[in-house]
Structure formats: structure tokens, C-alpha cells
Amino acid sequence: MSVHREEINLSQLPHEFNEPVQLAIIGGTGLYDLPNLKPVARLTISTPWGYPSSPITISVTESGFPVAFLARHGQKHDLLPTDVPSRANMAALKKIGVKAIVAFSAVGSLQPEIKPRDFVIPTQVIDRTKGIRPSTFFEKGFVAHAMFGEPFDLKLNKLITDSFETNGFLDQHDGKDIPTFHSKAKTNKGEDLTLICMEGPQFSTRAESKLYRSWGGSVINMSCLPEAKLAREAEIAYQMICMSTDYDSWNEDEEPVTVETVVGNLKANSANACKMATKLVDVIAKEFTEGSLGLGDDLQGSMKYSVSTSPQGVKKEVLEKMHFLFPGYWPVH
Ligand SMILES: CSC[C@H]1O[C@H](OP(=O)(O)O)[C@H](O)[C@@H]1O
Ligand SMILES: Nc1ncnc2[nH]cnc12
């Protein structure tokens, strides 16, 4: 894609960082780094589920708060949505201490009021992936079930929504309308904003797009799942921020979405996404250092008690894998 920022020489950064990193930003299409922060380390982390999409860059804010950044499709965007190694991504972020993730994504709009270049903070998701993406850390011989009724973290959602409550934060580009920030609290009379996550890589047919509208879908992408499910299993608070790039294929009066339309709106979106990410890092860093929300704290320990299999007799190799994510849970007998 033509929206990559100038390459910084990240490879010369230290390959270790010895403090816990509580916050991570995942960049999607159009967001490949955090240009306003100072990078201090670049980590290549091997996990029992392979390597993440890209090395993880650790940057620090002016006050020294560390933030991890991961490019979902790789630094050169060479991973299809189906091939994103989400288990490795979540496991690596967990390993470095991450308790909260803000994930950016380019989406199609399924509603006329969500214009291309608007931003949307979804509260619900419908899974239209095809079951070909590994979507759990658990496996035969060690069964567990995570809650997912609220797929996004409500505290993180509120913190983000409150940060962009007043209009005018997002910049207009090329004389187009000022983008709107859509949230459940603000713009939709308290109704959920529902993200449809499809398999791709082809876009939807007109019939599918209309079907998703009839289901109450607000926006559509190919990336939220299994990322959000695995974040939940890893006990990490997760919220996606969607950047609208097109009207998908439902509108009879418009040409169905093409990559050209998406890329055309991405430049404007990525400038706003960077601006938003910079502000959010400050807000969330302040919350972690001075606040009382306890981001991610309610999830800590949740998986320990969600296992159905009796730990006695579980294969040692399986438990060792699990201990990469959850050291100290389910002692080996
Ligand atoms: C390039 S259009 C389709 C592509 O864009 C979105 O990627 P991401 O969520 O990583 O921003 C969408 O999910 C598709 O993968
Ligand atoms: N219309 C669309 N469908 C799926 N993913 C998208 N990402 C951006 N636009 C999209």
C-alpha cells in the first residue's frame, strides 16, 4: 500500500526491554508505526504459537511510559487477514506485560451516516470468518471457555469515547467533510455499534452486504476476529477503533468497494489515526499511572477458573505451553 511512512532504522534498536509494558497499539491497514513517540527497543519474541506479525517496537512517552506497537499485517503489509498469526501476536504482547490493547482497523461502512473517513468505536461483533483461523489457545486435552458476551472492554471503550467526546478533534483532508467519531454513547441513541468480521480477502457481494445491514451491522472488516477472542483468553483488555474507508457493496447507487477507494481514504485516515493514537497513549498512560480504573484488572485470573478439564493427567507439553501465557496457573503434577 502506498501509505507507509518513511522507514526509520529500527533494526539498530536494542533487542531487549526489561520493564513491563502495559499498553499496546495494534496498527492495521494504513498505520504501521507511532511516529510521535520515541522508539527505544525492538523485540523479536518467539512464542509456542510461532512469531508475531512483526517485531514489536517499544516506544516511550515524554514522561517515560512504555508502549508496544505491532503491525498486524507485518511492517510491509505482506500478511493476508487469514494469515495474521493472532495467537503469536497476543501471546507475545502478554509475555511483555500488556494489560490493555487498542487496535486500529480500516473498515467498510454499512450505514449511510457512517461516512468514509469517519471513526467508529464498536461495542459488538458478529463472526463471519470461516473457521480456518486458529481462534483459541486451548486444545484437545485442555478445554476452557472464555466469556465473550461483551467482546470489547467496557472501561477501555469508555475511556476512549470520553477522550473524543467533543467534535473537532479529527482533521478534515482535501476539502472533504470533518470526520465524525461514532460511539454507542454519543451518536446512536444507546444502540450497539456492531462490527461484522468476514474472512476475505475478497470483499462482500451486494447480497451479503445487504444481509449484514439487515442484521444491524454498522461496519465491516476482516481483522477483529480472532484477535479480540484471543485477547480475552489472554486476559488482556481489548478495544478496536475502526476507520471507515468505503460504503462496502450495499448501495445500489454506488460502485461496490475497491482497494482504490480504500487506499484513497486511507491517507486521511492514517493522519487522524496517528493523532488519535498519540492522544490515547497519553490518556491511557495517565490512567495506568494515576487513575483508579484498574484497566484489565477484572480479567486477571479469569481463565484460571474457566477450565473444564481436570488438570490432573493433562499432558505436560500442553501445560507448559499454557504457562507461557499464564505462569503459575494449573500446577504440573
Ligand atoms: C485493504 S482493505 C481490507 C483490509 O483492511 C482492513 O485491515 P485492518 O483491519 O488490518 O486495518 C480489513 O480488515 C482488511 O484486512
Ligand atoms: N468493505 C470492506 N469490507 C471488509 N473489510 C474492509 N476494510 C475496509 N473496507 C472493507
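Computed from a predicted structure; not experimentally measured.

Caption draft 1: Layout of unusual backbone geometry. Glycine 200 connects to proline 201 through a cis peptide bond whose omega is 0 degrees. Mapped onto the secondary structure, proline 201 falls in the loop between strand 9 (194-198) and helix 4 (206-214). With an omega of 10 degrees, the peptide bond running from leucine 225 to proline 226 counts as cis. Summarising the element assignment, proline 226 is placed in the loop between strand 10 (217-221) and helix 5 (227-233). Here histidine 77, not a glycine, exhibits a phi torsion of approximately 50 degrees, which is positive. Its place among the elements puts histidine 77 in the loop between strand 4 (66-71) and helix 1 (86-95). Even without glycine at this site, arginine 117 takes up a positive phi of about 90 degrees.

Caption draft 2: Looking closely at the UniProt feature "binding site: phosphate" (unreviewed entry) in the chain. UniProt marks Thr29, Arg72, His73, Ser105, Ala106 and Ser223 with the feature "binding site: phosphate" (unreviewed entry), using the numbering shown here. Taken together, the annotated residues stretch across 195 residues yet fold into one region, lying no more than 12.1 Å apart by C-alpha. Following the sequence through the fold, serine 105 ends up in strand 5 (residues 100-109). Those residues in contact with serine 105, other than ones at most four positions away along the chain, are Gly28, Asn221, Ser223, Cys224, Met240, Cys242 and Met243. Assignment of secondary structure puts alanine 106 in strand 5.

Caption draft 3: Layout of the packing of helix 2 (residues 154-163) against helix 6 (residues 259-290). At a minimum axis separation of 11 Å, helix 2 and helix 6 run at an interaxial angle of 130 degrees. Compared by their axis directions, helix 2 and helix 6 come out oblique. As for how helix 2 packs across helix 6, the hand of that crossing is right-handed. Of helix 6, the residues touching helix 2 (which contributes Leu159, Ile160 and Ser163) are Lys279, Leu280, Val283, Ile284 and Glu287. Along the lines of polarity and charge, the residues of the contact of helix 2 with helix 6 split into five nonpolar, one polar and two charged.

Conventions we followed
- Residues numbered from 1 in each chain as written.
- Chains lettered and ligands numbered in written order.
- Predicted model: local features only at pLDDT ≥ 70, side-chain atom pairs only at ≥ 80, totals over all residues.
- Helix = DSSP H or I, 4+ residues; strand = E, 2+ residues; numbered from the N terminus.
- UniProt positions renumbered as here; feature names shortened; annotations may be inferred.
- Contact = placed C-beta atoms within 7 Å.
- Axes fitted to C-alpha atoms, helices over the stretch in contact; angles between N-to-C directions.
- Parallel < 35°, antiparallel > 145°, perpendicular 65-115°, else oblique.
- Left-handed = near helix turned anticlockwise from the far one by under 90°.
- Nonpolar A, V, L, I, M, F, W, Y, C, P; charged D, E, K, R; others polar.

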